[in-house]
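One-letter residues, chain by chain:
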Amino acid sequence: MKLDELGNWRRTHLSNEATPKLAGAEVVVMGRVGDVRDLGGIKFFILSDISGSIQVTAPKAKTDKKVLGKIDSLTQESTVAVKGKVVAAEQAPRGVEVVPSEIRILNLAITPLPLDPRGRVKANLDTRLDARALDLRRSESLAIFKIRHQAIQSVRNHLISEGLIEVNTPKIVATATESGAALFPISYFEREAFLSQSPQLYKEVLTGCFERVFEVGPIYRAEEHDTPRHLNEAISIDIEVAYATAEDVTKILEDLIVKVFSQVKRTCAKELKVLERKLEVPRKPFPRITYDEALKKLEQAGVKVPWGEDLPTPAERKLGELVGGAYFVIDWPMAIKPFYTMPKRDDPKLADAFDLMYGEIELASGGTRVHQETLLVKQLKQKGLNPQSFESHLQNFRTGLPPHAGWGLGLDRLTMVLTGAENIRECVLFPRDRKRLTP
Ligand code: ATP
Ligand code: MG
């Protein structure tokens, strides 16, 4: 079948702008075809666009044969343009329909579709991700990505209002940020390079130039884990602030979380309803639990973690159950924090560092950083890293780098907790994991 041209037709209204008040007006609506029905005397179909949907109703007796023929050839998810009159109709969804005078079929979807975006036939996550572009037409997917969009807008607004400037650091790098194990090597002309794990080192250096910076960008981790909250490519919101300590940037983070939750709650009520998500805005100050207290709570609940080890997933889960909501875990052992972490002045076996948790999910990690070269070199060596391979980083510490602190917050994980998604893959357009490199 020959498709129609868009020609000089342009959309005059979004589907949700066609209301009974507009009765009698001629409109052009464009969108995707949902159910097509033939009820003897009338043919109708649902047309969906980004705003919602509208019923297109063609009474057989009064409608041009060509238009009726086109309706017959429609398949679900085809895109069409419909010129017609708005008619108030009690029996139609939203009490309004469009009676078509002309239809242009812009592209015809080939059936059977790999997936039903109306969600009537349930598909598992893998099948959905294989046909992701179609899956993203589901109202739940749309709701998740609108919430994500709102979240990142709020993040930007808040950080800018705190006097931070947005930067972009390189994602192709020569050396590891922390340890080489989790790096993706790439071929870079005659040399080997890597995809960046974190903007950590660059953002620290930038505090000496711009004092307060933030970046929203991808991080790449060549970790093999297959969990509902890890991906090999994630988006990180990173900040770094000069003349500040862990406590100062904790406050920025706390304010930010409260702002993001309240703005999403206020502006995305429709999307939260689609997801059946009741969002509670966390109250300040968030609980601050020391690592030692966390181990004690866990032990009382029958989960033993040896001092000096990171909290394994079952421990995080239990702690999430015990504390719930947003909370900080502070005073971590230095041994499990990266080389650039500042030890606590009064107890150097502890790090002046924190994690922000939401239930069982780690949302962010941050802390005060080392700004003195001698201490940094000492800590590099303690981690078994060679200071020589960090020379281009270390040189910045000889030019008066100010004391500084910062954090990294996972945007995909933040979207998980805002939307209530149980798998991070729901919150990323085209997720990258060990098994998935396409689409
Ligand atoms: P985890 O312990 O959960 O593996 P991490 O401590 O290795 O995370 P950080 O290096 O502290 O992660 O990164 C800061 C933030 O970036 C994390 O708190 C998280 O929100 C996000 N993040 C880190 N790694 C990933 C990943 N593989 N997938 C998704 N988000 C991630
Ligand atoms: Mg962390």
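Each value, and the rule that gives it
Residues numbered from 1 in each chain as written. Chains lettered and ligands numbered in written order. Predicted model: local features only at pLDDT ≥ 70, side-chain atom pairs only at ≥ 80, totals over all residues. Heavy atoms only, no water. Near = heavy atom within 4 Å. Polar contact = N/O pair within 3.5 Å; in protein donor to acceptor, adjacent residues only side chain to side chain. Areas by Shrake-Rupley, 256 points an atom, 1.4 Å probe, with all protein chains shown as cover. Helix = DSSP H or I, 4+ residues; strand = E, 2+ residues; numbered from the N terminus. Nonpolar A, V, L, I, M, F, W, Y, C, P; charged D, E, K, R; others polar. Core = buried A, V, L, I, M, F, W, Y, C linked by side-chain atoms within 4.5 Å. Buried < 20%, exposed > 50% of the residue type's maximum accessible area, 1.4 Å probe, protein only. Pairing = 2+ DSSP bridges. Axes fitted to C-alpha atoms, helices over the stretch in contact; angles between N-to-C directions. Contact = heavy atoms within 4.5 Å. Domains from an automatic or database assignment. Buried area = accessible area lost by both parts, 1.4 Å probe. Salt bridge = Lys/Arg side-chain N within 4 Å of Asp/Glu carboxyl O. Parallel < 35°, antiparallel > 145°, perpendicular 65-115°, else oblique. Left-handed = near helix turned anticlockwise from the far one by under 90°.

A. Region of interest: the site of ligand 1. Not every one of the 15 residues close to ligand 1 is listed here, only the nearest: Arg221, His230, Leu231, Glu362 and Leu363. Note that an oxygen atom of ligand 1 is positioned 2.8 Å from one of the side-chain N or O atoms of Arg221. In the environment of ligand 1, an oxygen atom lies 3.4 Å from a nitrogen or oxygen atom belonging to the backbone of Ala364. Bound to the protein, ligand 1 loses 84% of the 580 Å² it would expose on its own. For the shell around ligand 1, the secondary-structure elements that each account for two or more residues are strand 17 (361-368) and strand 18 (404-410). Counting residues per element, the shell around ligand 1 draws most heavily on strand 17, at 4 residues. A per-class count over the shell around ligand 1 returns 6 nonpolar, 4 polar and 5 charged.

B. Layout of unusual backbone geometry. Residues Thr111 and Pro112 are joined by a peptide bond in cis, for which omega reads 0 degrees. As for its placement among the helices and strands, Pro112 is situated in the loop between strand 5 (96-107) and helix 2 (125-130). Following Thr438, the chain continues to Pro439 via a peptide bond in cis, the omega torsion being -5 degrees. Among the structural elements, Pro439 can be located in the segment after helix 12 (411-419). A positive phi angle, near 80 degrees, is found at Glu77, a position not held by glycine. Looking at the secondary structure, you find Glu77 in the loop between helix 1 (65-73) and strand 4 (79-88). Backbone geometry places Phe189, a non-glycine residue, at a positive phi of 50 degrees.

C. Structural view of the nonpolar core. Leu159, Leu253 and Trp407 are the most contacted members of the largest nonpolar core, which totals 52 residues. For this core, the element with the highest residue contribution is helix 6 (residues 246-267), accounting for 10 residues. Counting residues in hydrophobic clusters, the runner-up holds 20 residues, among them Ala18, Val29, Val67 and Ile105.

D. Focus on the sheet that holds strand 3 (residues 52-59). Ordered in space as 1-2-3-5-4, the 5 strands form a closed barrel in which the pairing is mixed. Geometrically, the sheet is characterised by an average inter-axis angle of 50 degrees between neighbouring strands, direction not taken into account. Across the sheet, helix 1 lies against strand 1 (26-38), strand 2 (42-49), strand 3 and strand 5, angled at about 70 degrees from strand 5, the strand it touches most.

E. Highlighting the domain arrangement of the protein chain. Segmenting the protein chain into domains produces domain 1 (15-107) and domain 2 (134-427). Averaged C-alpha coordinates put domain 1 and domain 2 at centres separated by 48 Å. The interface of domain 1 with domain 2 comprises 4 residues on the first partner and 5 residues on the second. In total, about 340 Å² of surface goes out of reach between domain 1 and domain 2, with carbon and sulfur atoms giving 50% of it. Inspection of the region where domain 1 meets domain 2 yields 1 salt bridge. Glu77 serves as the salt-bridge partner of Arg137, at 2.7 Å between the closest nitrogen and oxygen. Put simply, domain 1 and domain 2 have 1 residue pair in polar contact (both at pLDDT 80 or more) between them. Residue composition of the side of domain 1 that touches domain 2, grouped by class: 1 nonpolar, 1 polar and 2 charged.

F. Local environment of the packing of helix 6 against helix 12. Running from N to C, helix 6 and helix 12 cross one another at 50 degrees; their axes reach a closest spacing of 11 Å. By the angle between their directions, the pair helix 6 and helix 12 is classed as oblique. When the axes of helix 6 and helix 12 are compared, the crossing they make is right-handed. Here helix 6 contributes Ile257, Val260, Phe261 and Val264 to the contact with helix 12, which in turn contributes Leu414, Val417 and Leu418. Class assignment for the residues of the contact of helix 6 with helix 12 results in 7 nonpolar, no polar and no charged.

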